[in-house]
Amino acid sequence: MALILSLETSTAICSAALHEDGNLLASKELLTPQSASSQLAPIIDQLLKGSKISSKEIKAIAVASGPGSYTGLRIGVATAKGLCFALQIPLIAINTLELMTYQVKNLSVYSSPSPLVWGSGGALGEALLCPMLDARRMEVYCLLANFDLEIVEPTQAKIIDEGSFNEWLDQKTIYFFGNGADKCKEIIKHRNARFIEGINPSAAQLGEMAFQKFIRNEFEDISSFEPHYLKEFLVKKPKTV
């Protein structure tokens, strides 16, 4: 039995979940901005107590590794590493954008009606998926993947303008989603661009992906692992009066 505790704190939404052999046992999610710093530990405690599971039964900790919110990622990774050290169990990291891509692919299978429809770019299986996380101003963290979850363009910080993704959009439908996609709707007007609302990274699916890494023994070095910030953290100086 592989019992995995998953933590997702890449955005303003904080979530945690318990999976057994990749099957969801329980999950909790908070939509309150900046809730990870004060609420992540209580959420974990509530999950364990509600599921009547001891922390000693957990076999691994999974965490969304970024990109995303600097503060959220630091809190999530620090909590995950602390639990791994205390319980002497391995750490599993999942790229946040790849997690979102996995979630949207599952929508085409489990959601009825599916938010994914054919576009002029061809059949659904030929479309591309583009998760986007807000990186401030007109910049987003994003990647491109196909429906087999193969990465077509790797994780990057990208400034969005009217011509963004046109080389792909001229050939295929692209589904854009995530909190970074919201600000791109009025800019990316290509006929093959589709936008899906309400997609946020979730620990409930994170554990499914983490289980596959668990059975392959794909673990991180706990002492040296750091979040995938993608950009350097800039500390703003206080304004002088």
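Since the model is a prediction, treat every value here as computed from it, not as a measurement. (Residues numbered from 1 in each chain as written. Predicted model: local features only at pLDDT ≥ 70, side-chain atom pairs only at ≥ 80, totals over all residues. Heavy atoms only, no water.)

### Digging into the sheet that holds strand β3 (residues 23-30)
Cut-off, in case you're wondering: Strand pairing is assigned whenever DSSP detects at least two bridges linking the two strands. Here a helix means four or more residues in a row that DSSP labels H or I, a strand means two or more in a row labelled E, and each is numbered from the N terminus. For helices, the fitted line uses only the C-alpha atoms of the stretch in contact; every axis is such a line through C-alpha atoms, and the angle between N-to-C directions lies from 0 to 180 degrees. In what follows, a contact means two residues having at least one pair of non-hydrogen atoms within 4.5 Å.
Strand order across the open sheet formed by 5 strands is β3-β2-β1-β4-β5, with mixed pairing between neighbours. Two strands bound the open sheet, and with one partner strand each, they are β3 and β5 (91-94). The mean angle between the axes of side-by-side strands here comes to 20°, regardless of whether they run parallel or antiparallel. Strand direction decides the pairing type here: strand β1 (residues 3-8) and strand β4 (residues 60-64), joined by 4 bridges, are parallel. Each residue of the ladder has a partner; that of I4, found in β4, is A60. Each of β1, β4 and β5 is contacted by helix α2 (residues 70-87), which is oriented at about 170° to β4, the strand it contacts most.

### Quick notes on the pattern of salt bridges
Put simply, the test is: Whenever a carboxyl oxygen of Asp or Glu lies within 4 Å of a side-chain nitrogen of Lys or Arg, that contact is scored as a salt bridge. Here's how the labels work: a residue is buried when its accessible area is under 20% of the maximum for its type, exposed when over 50%, partly exposed in between, all with a 1.4 Å probe on protein chains only.
What the rule picks out here adds up to 5 salt bridges. The shortest N-O distance in the salt bridge between D134 and K183 comes to 2.4 Å. Taken as a pair, D134 in strand β6 (residues 128-134) and K183 in the loop between β9 (174-177) and β10 (193-196) lie far apart in primary sequence, 49 residues in all. Overall, the relative accessible area of 39% leaves D134 in the partly exposed class.

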